[in-house]
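# Understanding the architecture of this molecule
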Amino acid sequence: SGNVTFDPGFANTAACTSSITYIDGDKGILRYRGYPIEQLAEQSTFLETAYLVIYGELPTAAQLADFEDRIRRKTMIDEAMRNLFHSFPRRSHPMPVLAAGIIALSTFSGDSLGDSPAAIEKATDRLIAKVPTLAAFGYKNSRGEPTLYPDNSLSYIQNFERMSFGYPTEPYHFEPQITRALEVLLILHADHEQNCSTSTVRLVGSSGANIYASVAAGVNALSGPLHGGANQAVLEMLEQIKASGISVKEYIQQVKDRKAGIKLMGFGHRIYKNYDPRASIIKKHADEVLKLKEGRRDLLEIAQELEQTALADDYFTERKLYPNVDFYSGLIYEAMGFPKEMFTVLFAIGRLPGWIAQWREMRSNPKNKIGRPRQIYVGNPERAFVPIDERR
Ligand code: CMC
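Heads up: these notes are all about the structure in this document.

What counts and how
- Residues numbered from 1 in each chain as written.
- Predicted model: local features only at pLDDT ≥ 70, side-chain atom pairs only at ≥ 80, totals over all residues.
- Heavy atoms only, no water.
- Core = buried A, V, L, I, M, F, W, Y, C linked by side-chain atoms within 4.5 Å.
- Buried < 20%, exposed > 50% of the residue type's maximum accessible area, 1.4 Å probe, protein only.
- Helix = DSSP H or I, 4+ residues; strand = E, 2+ residues; numbered from the N terminus.
- Contact = heavy atoms within 4.5 Å.
- Polar contact = N/O pair within 3.5 Å; in protein donor to acceptor, adjacent residues only side chain to side chain.
- Pairing = 2+ DSSP bridges.
- Near = heavy atom within 4 Å.
- Areas by Shrake-Rupley, 256 points an atom, 1.4 Å probe, with all protein chains shown as cover.
- Nonpolar A, V, L, I, M, F, W, Y, C, P; charged D, E, K, R; others polar.
- Axes fitted to C-alpha atoms, helices over the stretch in contact; angles between N-to-C directions.
- Parallel < 35°, antiparallel > 145°, perpendicular 65-115°, else oblique.
- Phe/Tyr/Trp six-rings, centres within 6.5 Å; stacked < 30°, edge-to-face > 60°.
- Left-handed = near helix turned anticlockwise from the far one by under 90°.

Another point: the nonpolar core. Core analysis: the biggest nonpolar cluster contains 112 residues, and Leu127, Met237, Leu264 and Leu306 have the highest contact counts within it. The greatest single-element share of this core, amounting to twelve residues, is contributed by helix 17 (residues 343-363). Every residue in contact with Leu264, bar those within four places of it in the chain, is listed here: Met237, Tyr251, Ile252, Val255, Leu306, Ala310 and Phe316.

Quick look at the structure:
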């Protein structure tokens with residue numbers, strides 16, 4: 001009908017213009033607002049990168065101090081929301097709990113729900129400030145441990161670390177290298193143009209839905225194993241290889257034989273047809289963190305062997321399948337002490353500035369239209385209703 005084009009998975013359809021993130025998938029280039037990911041990972045902080053992604057420019061010292069202060073003063077969540085966490089079953093997966101927490105935030109939103117620039121600024125600050133608190137509360141609650149209030153004397157990353165691993169009765173000891181590795185990982189996840197979750201945020205927001213509803217939808221999209229959920233799936237794959245005692249070569253053969261539809265998780269990408277630049281940076285940190293922490297060196301070795309075996313195999317090279325951001329990140333998170341169910345939550349904390357920036361970019365575009373893909377109908381032609389006693 002009309003001039004509808006068929007494009008499964010939107011592989012060739014641009015649904016928007018954007019000035020936020022540039023990717024050259026053949027060359028393995030990723031830039032936020034023009035700045036190479038390697039330089040940001042090396043020199044920036046997560047909040048500075050968040051500012052860059054959302055506002056388009058690196059902040060001056062005064063702008064950054066103001067932004068950090070605004071965020072710091074909004075890290076607490078309404079006390080009534082703590083009851084929300086207690087109502088989930090023990091060991092609930094923290095991803096749906098995070099999504100629920102974010103949509104619940106919209107009911108405690110005060111004056112941050114409207115479309116005015118002031119409301120959007122406030123919602124932006126609230127989300128960046130409160131999502132780590134929600135994430136840590138969900139995590140603590142899943143373990144039956146007491147939740148910790150944010151400590152506003154700490155940095156953004158330290159605060160999250162302490163809320164995740166600390167106990168109210170004990171002082172928390174930070175290891176600067178671990179804090180920095182977490183910061184770098186979050187910087188690497190801050191945006192990635194029109195991936196599945198970001199497109200979801202835009203699609204939901206295109207109807208006029210508020211930013212909390214849109215971001216909660218993004219969290220749900222991210223949870224799938226082909227997207228952010230891959231970081232958990234990679235660790236499960238490594239554990240399974242280890243437990244089953246099969247060799248890496250045998251596992252790769254099963255992937256190639258498409259046995260039971262298994263894939264090499266953490267490999268392949270719709271856009272990158274070369275090494276994912278984020279994976280190169282993460283790989284270096286994986287080695288460093290695992291030297292420092294009692295991590296799963298046995299699983300790191302399996303991962304490294306999987307990578308070497310795959311990259312020497314025609315199946316993978318012909319299809320241009322390389323490690324993506326999720327291949328090594330889980331091993332670092334694991335070494336830091338996070339259980340694998342938290343990995344995708346960490347991805348969500350990292351991706352939050354990107355979702356917010358993309359939502360704002362869309363909503364500030366006067367030409368924004370509601371997202372509404374077309375279809376090719378392949379069902380029955382018209383037929384007459386059959387009364388129930390005549391059906392066979
Ligand atoms: N293992 C084995 N074969 C694969 C893999 C893999 N991980 N990825 C792609 N292929 C094959 C696929 O079977 C297909 O082969 P053929 O043409 O013979 O049918 C070919 O490579 C092209 O793959 P595709 O599925 O058409 O590619 P896509 O762009 O639709 O999918 C992907 C991209 C990331 C969903 C896919 O590579 C995949 O499922 N990877 C594993 C999951 C994963 O690691 N996801 C994380 C993505 S990175 C960031 C993020 O979003 O978290």
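Let us look at the environment of Ser44. Mapped onto the elements of the fold, Ser44 is located in the loop between helix 1 (37-43) and helix 2 (46-55). Under the relative-accessibility criterion, Ser44 is labelled buried at 2%. For the pair Ser44 and Leu299, spaced 255 residues apart in the sequence, the C-alpha separation amounts to 30 Å. Aside from chain neighbours lying at most four places away, what touches Ser44 is Gln39, Thr49, Arg180 and Ile187. Within the local environment of Ser44, its side chain forms a polar contact with the side chain of Glu48, the two groups lying 2.6 Å apart.

A sheet is described by the order of its strands in space; here three strands give the open sequence 1-2-3, paired in antiparallel fashion. The two strands at the open ends of the sheet, each matched to only one other strand, are strand 1 (21-24) and strand 3 (35-36). The pairing of strand 1 with strand 2 (residues 29-32) spans four bridges and is classified as antiparallel. The residue bridging Thr21 from the neighbouring strand is Tyr32, located in strand 2.

Taken together, 22 residues are adjacent to the ligand, and His227, Arg258, Lys263, Arg270 and Asp326 come closest. Separating an oxygen atom of the ligand from a side-chain N or O atom of Arg258 is a distance of 2.7 Å. Here Asn324 contributes a side-chain N or O atom positioned 2.9 Å from an oxygen atom of the ligand. Expressed as a share of its isolated accessible area of 930 Å², the protein-covered part of the ligand is 74%. Each residue belonging to the shell around the ligand can be placed in one class, and the counts come to eleven nonpolar, six polar and five charged.

Relative to each other, helix 14 (residues 297-311) and helix 16 (residues 326-336) sit at 170°, their axes nearing to 11 Å. The orientation of helix 14 with respect to helix 16, classified from their angle, is roughly antiparallel. Where helix 14 approaches helix 16, its residues Leu299, Leu300, Ala303, Gln304, Leu306 and Glu307 are matched on the opposing element by Phe327, Tyr328 and Leu331. By residue class, the composition of the contact of helix 14 with helix 16 is seven nonpolar, one polar and one charged.

Next up on the list: the packing of aromatic side chains. Scanning all chains against the criterion turns up 16 aromatic pairs. Arranged with centres 5.6 Å apart and planes meeting at 25°, the rings of Phe46 and Tyr156 form a pair that is stacked. A residue pair is termed long-range when its members are at least 10 positions apart, and Phe46 in helix 2 and Tyr156 in helix 7 (residues 156-165) qualify at 110 residues. Assigned by exposure class, Phe46 and Tyr156 land together as buried. Look at Tyr51 and Phe67: their rings are 5.5 Å apart centre to centre, the planes differ by 75°, and that puts the pair in the edge-to-face class.

Secondary-structure assignment places Gln358 in helix 17. The exposure class assigned to Gln358 is buried, which follows from its relative accessible area of 0%. Residue contacts for Gln358: discarding those within four places in its chain leaves Ser18, Ile20, Asp191, Glu193, Gln194, Thr198 and Arg202.

Turning our attention to the packing of helix 13 (residues 277-292) against helix 14. Between helix 13 and helix 14, whose axes approach to 11 Å, the crossing angle comes to 155°. In terms of their interaxial angle, helix 13 and helix 14 are classed as roughly antiparallel. Judged by the sense of rotation from one axis to the other, the crossing of helix 13 with helix 14 is left-handed. Counted together, Lys283, Ala286, Asp287, Leu290 and Lys291 of helix 13 and Arg297, Leu300, Gln304 and Glu307 of helix 14 form the full contact between these two elements. Split into classes, the residues belonging to the contact of helix 13 with helix 14 amount to three nonpolar, one polar and five charged.

Note on backbone geometry: most residues besides glycine have negative phi, and most peptide bonds are trans. Although it is not a glycine, Phe10 sits at a positive phi angle of roughly 50°. Note that Phe10 resides in the segment before strand 1. Judged by its relative accessible area of 53%, Phe10 falls in the exposed class. At Arg33, a position not held by glycine, the phi torsion is positive, near 50°. Along the chain, the position of Arg33 falls in the loop between strand 2 and strand 3. Its relative accessible area of 22% is what places Arg33 among the partly exposed residues.

What is shown is where atoms sit, not what they do.
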